[in-house]
Each structure stands twice: as C-alpha cells, then as structure tokens.
Amino acid sequence: MTIDFYWRLPSHGCHGSLRDTAYDRGDWSPIGPRNVAPGLDRNGEDDGFRYVDHLGAIAKAAESVGFIGGLIPSFPNTDDPWVISPLLARETKAFRFMIAFQPGFLNPVHAARMSASLQRATGGRTVFNIITGGGGPSQLWWGDSFSHDDRYGRTTEFLDVFKGVWGGEGFSYDGRFYQVRDGGLSPLLAREEIPEIWFSGSSDAALQSAAKHADYYLSWLEPFDQLADKFARVKARTAALGGEQKCAVRVDLVARPTEEEAWAEVRAGFESLSPERRQRARGGPTDSVGAARQQALRPSDATRYDELIVAPNLWGGFSLLRGGPALGIVGSYEQCAARLDELIARGTDAFILAGTPHLEEAYRVGEEVLPLLGRNAGALLQAAE
Amino acid sequence: MTIQTYWQLDVAEDAGRSEPGARQSGLFRDVRPATLNRYDYYAQVAQAAAQTAFDGLFLPHRPQSDDSGIVAAAIAREVSRLKLIPEFPASAGSAVYAAKQAVSFQRQTQERLGWAITNAGESAARAREGDHVPEDELHARVDEFLTVARGVHAERPFDFAGKHFEVQGGGFQEPLNRVAFPKVFLQGESEEALALSARVADVHLFAAAPLSKLRVFVETLDALALRAGRAIEFGLIQPVLARDDAVDARRDAERAGFPDAAIVGTYADVAERLADLARAGFRHFVLAAPSSLEEAYRIGQHVLPRFRALTERVTAAA
C-alpha cells in the first residue's frame, strides 16, 4: 500500500512565518521594505520576478522531497490554478498540479479540451479538486446564482459531460444544466487520461455526486473519530452503488524536532494576533456544511492558545492564523508521523499537507516527517482488523 | 502608434510534428521520451518569433487541437518578452472567471496577454461545444461578457444583471486589480461584428483581403467607433510567403496551396505590400505561414527589418 502526499501551492498568498499574518512572500501585500521579492530590486526597479516564481520555487522544493504534486486553491483573491499550472508545467518534471475549481464557471466541453491539452503539456500530471460548496454572497461575487443543492446537480452534470466528451466523438447529452449534440474530443485529445477527480463537500447532495464521479473524497481534518465515521460512511455509500471511493485529508502541520518547539511556534502565532483579527476570523455566513462544522469546533472566546487544543497533537486555531480549516496537527516529527499513520489506519488513502512558510516547510515535512511514516501504520491496521 | 507584428502559432498546423504518436520507427536508435512532445515544438516556434524580433504570438482557437490558452501559458515563461494572444470561444464559461484567469496571466507575465474572443461557427458546431445561445444573441453575449469582465476588474463592488451573465457585489481586490486588463481583439466582417467592435474592441482583426475591400471595412468601422466615442485599432491576419526570388516564392506558394489573399513574393515585395497596408491604417499584423518554425525565422530575419524601415516613415507621417 502506498499513500499519495500532496503539498499546497499558496496561490492565495504566503506568510513568511506562522507568527505573522502579513503576506510578505511575493507581491500579495503592497511591496514594502519587508517583502522585497518578487517585484522590486534594491534600487526600487521592477526586477521581473513575479508571484509565479515563488510558487515555482515551492513546487520544485515539494517535487524534490517526494511530494507527488500540489493543490492550487481557488478563492476570489487567488491567482487562478488553470493559469498557474501550465505556466509551471515545463519547469517541473513529476509534480502533479491539482487544480481547484468550481465546475459551474466553465463550459464542460471547453474544460475537457483545456484539461486534455494540459495533460499533453505535462505528461498526464493534471488532477482536479472539484469544489461545489462555498455559497452565500461569495457565489454571487463569482456570478453564480444557483442554490446549494442545484450546484451539486450541476456538478454531477458537468462531470457527466466532461467524461462523456472525453470518450470521443459522437457524444450527446440532454441535461438540466448542459446539453451537447454530437460532440466529443478529437482522437488527438481523447487519448489522454481523464484527470483524477478529488471531490469536496459534506452535505448529502455532495456525497451523492461524489459517489458517482469522484476518485477521492476530500475532507478537512476533523477530530479523528468523527473523520473515520465520515470516511466509513462515504466508502459504504459508494460501495452500495458499485463503486470504490478513496478518502483524503487536507491538513496543516507544525512539525518540529520536539513537541515543545512545535507548541512554542503555535503559541507565538496565537499571541501575535490582534483581538480584532481573532474576532474577524470567526467566520461569516456560509451555506458550506464543511465550514459550519469547522466553526463549531472552536471556542469563540479563547484567550490562550492551549484552550484550542482539542486532542493530543490537534490544534483548532489554524483558521485564526490564516484562512481555511481550523484543525491541524502540531508535534514532534515522530508525533506528526504517528498522527498521520493513525489517519491512514482509519481509512485515509491520500493527504494534502501544508505548512507555513510553504517553501521551507515543504523541505522540513518532506525530509523529516514523510520518511517516518508507516512505522505505526502496520500495527494500527492490524488492530483495526 | 508603433506597428505590432505577431507570428501565428496555429496548433492545428504541422500537426504531426513533434507528436510522439507520429514517430516512425526505423533503423536509428530513438531515445526521445514521450515527454519530449508537441509543447517543445510550440516553445521552439515561440523562441523563433522572439529571436527574430516579432512583438508577439497569435494563437487561433482550434477546437480539435490543443487549447490555445493552455499552450500560451505553457510557453509564456520561455519567451520573456513576447505578447501572447490566445483566441478562445465566447462559450468558454463565466465572464468573471475568464477575467480572473486573464488577470492571473497578466500578473505572472508582466501584462503580456491579449484577449481574442471568437464566436465559434454555425449552430451545429456550437451545439457540439455545448453552446446553444441563439444566433442573433451571439454578439450581445460577447458585449455582456466584456462588460462584466472589464467591470469586475475596474470596479468594486460591481453589479450586473444581463441576459447571459449576472454578478452581485463583484469586483477584484488586491493584488489582482493591480494589473491592466488585456487588450481585446475581435474579428468579423459582418455589419453586426463591426458594430460590436465599435462598442467594445480595442483591436479589430480582419481576414486578409484585397486592399480596396479592406479600405471600406476600415472606413466603416472607424465611423462606427467615432459615433460610439471610441477609437479602434486595426489589424490583419495575413498569410505570407517570402523567398529570395519571386519564382521560388510562387513555386512554394503553389506547392503549399496558399490562399488567394496571401502575399507572395521576394522579401522586398512582401515588405512593400505590408507597408501599403500600414499606410492604409493597419497597425497590428498577424503574419502566418506553414511550417511555422522555419517561416518565422525567414520572415523575421528578412521581411520584418525591411518592413520596419518602410514603416518608420509611415508612422512618423501619421
């Protein structure tokens, strides 16, 4: 058994440290004395470097320590993964580009052509993280006015069409959201492999859609029992439909030589937050079921970092330090590896890991944590059986 | 304004070239991996255009071949100077999302993207693409598409409720809004196409045609744009074939089945004919010939310097 480990490419900006909420890597924040690269040289002149150079450095670092690829997130203020991936395609060798996108924003036939082209450009290194949730006012920002359950219906149809045209010419489809008459990719494009599909979403509508089309069901980290239940449910539901679903977790790590050093880093990060920042990070209205579950995990009025420890090596305050999920793993290299082993034993088939800052932590996790994996998994797997 | 020359990188031309599936086995030991492929050829064409001082590349939308946008991005970082103008269908999807992709490309490439939008084909061809917008609404869709794309780039909050697109509380924030929106290139010779360009295009590209016919188009569009309170730049997609001597040029043109509107002749002839077009008001020249790599070198090396020498006087007079 092998497990796929992805790293994250921070298309949403990159902090130089967990203790600092400023995006001082690259040009995310206005260029100032602290974030000199990329953008301006010492004379204040444009030096030709761009944020993609920073992302490229992270991709190459992750590739060289053995990560299979990287997730490129998609939010309103991110650089778009459909652009980042081909820009970096020829500068990497084995690194897979996991493109996060909401299917409703693209015509599925056009998306299939783009994907097959990217497969040709990369030698089959394209992976999808299909997002359907989000919701609330942010969907209207994107120009999308469909309701939550309709969006899952649309995602299902999008993937019907996407896979259908990939099957070759002569494909017709008459759905509620999409219709194609006698279409299909040309043989040149259709011979590429359909990208692996990772799927997110915790609602019933999401699980139904995932059961039909997803290769991996992707979840944010939740308390381990809760996560194991969810994975078991997803796998059972898919099996009932005659399919096989793999499960994956996206999780941030703070891994250090000792547990004390890891918690000291988290504590410093927490104590660097202003009260306003803590307030703001509590989250706005959403119809994302996953986001609501995360919000429920953390006390809304924590004044000390250790009030947010929800289990050994599990800290629920990551979303205060940056956007995204609340729960992450904190510990020594051995402890981090043991927690990941435990997740494997409880049904996790793949991971998307991340750490701040992304470049240095790719090396740290890749060199110090990944090689320790599997020491506990065997015993845990036996125990599970 | 200065004249811009682009080389056409047509993903459907020379289709077997560098395609791993088209390799012939033979006596020689072939060590080429599958990853040495068509994209290396695209990169070579781009480098040829860069080395021979073209200003950019134009990549037409070819539904059966590689997606132009993916190709443009895949080669962008190998040619640090060239502008890249991939053509994409108006049915690509959300205008907000397309604008977001454009802005990302602009950010990472120092604003080298051009936006060429095409209304791809008659209704059966569009139905194959999952595009069922009625024929008489196609131009209105492009109009809305651009209104939304430019709107979310320039304003925040941006609201729009149209027939094809809808946005509420939209608009890009830092750092996405720090770059310029790409220049918009549209095409078409119909009355509706010209009227649309008068309203929303930055550059209108015409298909190659006799100069007398082109002059009428230019005057019509110029007048329409003036009435809309705008100025449009004019361009041309022009097949060319240039050789050391005229006999060779004619022979190679016949061999290749060049279209009637192609400019065929000696390096000096071709440069002179292009300069005539510049005198008629054209400022954007998309030059095209198969095989793209060799011809890019030839045109770039022999025709462009002559063309530039002739048009320095044209642009100075204008």
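Everything here concerns the structure above.
An account of the accompanying structure is given in this report. (Residues numbered from 1 in each chain as written. Chains lettered and ligands numbered in written order. Predicted model: local features only at pLDDT ≥ 70, side-chain atom pairs only at ≥ 80, totals over all residues. Heavy atoms only, no water.)

**Focus on the overall build of chain A**
Across its full length, chain A carries 15 helices and 13 strands. Looking at chain A as a whole, 60% of its 385 residues qualify as buried. Summarising the internal contacts of chain A: among those between residues at least 6 apart in sequence, 69% fall at separations of at least 24. (Helix = DSSP H or I, 4+ residues; strand = E, 2+ residues; numbered from the N terminus. Buried < 20%, exposed > 50% of the residue type's maximum accessible area, 1.4 Å probe, protein only. Contact = heavy atoms within 4.5 Å.)

**Quick look at the overall build of chain B**
Helix and strand counts for chain B come out as ten helices and eleven strands. Taking 318 residues into account, the globule formula puts the C-alpha radius of gyration at 20 Å, and chain B, at 20 Å, falls close to it. Here chain B holds 318 residues, and 55% of them are scored as buried. Approximately 13200 Å² of chain B is accessible, and the part contributed by carbon and sulfur atoms is 50%. (Rg over C-alpha atoms; globule rule 2.2 N^0.38 Å. Areas by Shrake-Rupley, 256 points an atom, 1.4 Å probe, with all protein chains shown as cover.)

**Brief notes about the pairing of strand β8 (residues 216-220) of chain A**
Residues and elements named next belong to chain A. Burial of β8 is extensive: four of the five residues sit out of reach of the surface. Bridge analysis of strand β7 (residues 196-200) against β8 gives three bridges, and the strand direction is parallel. In the strand pairing of β8, W198 is matched with Y216. Each parallel crossover has a hand, and for β7 linked through helix α7 (residues 204-213) to β8 it is right-handed. The β-α-β motif built from β8, the intervening helix α8 (residues 224-240) and the parallel element strand β9 (residues 246-256) has right-handed crossover chirality. (Pairing = 2+ DSSP bridges. Right-handed = clockwise from strand over helix to strand, strands pointing away.)

**So, the state of the cysteines**
Linking two cysteines covalently through their sulfur atoms gives a disulfide. Residues and elements named next belong to chain A. Taken as a whole and assessed by the stated rule, the structure comprises zero disulfides over all chains. C336 provides the cysteine sulfur closest to C14, a residue in no disulfide bond, and the two sulfurs are 19 Å apart. A residue is classified by how much of its surface remains accessible, and C14, at 0% relative accessible area, is buried. (Disulfide = S-S within 2.5 Å.)

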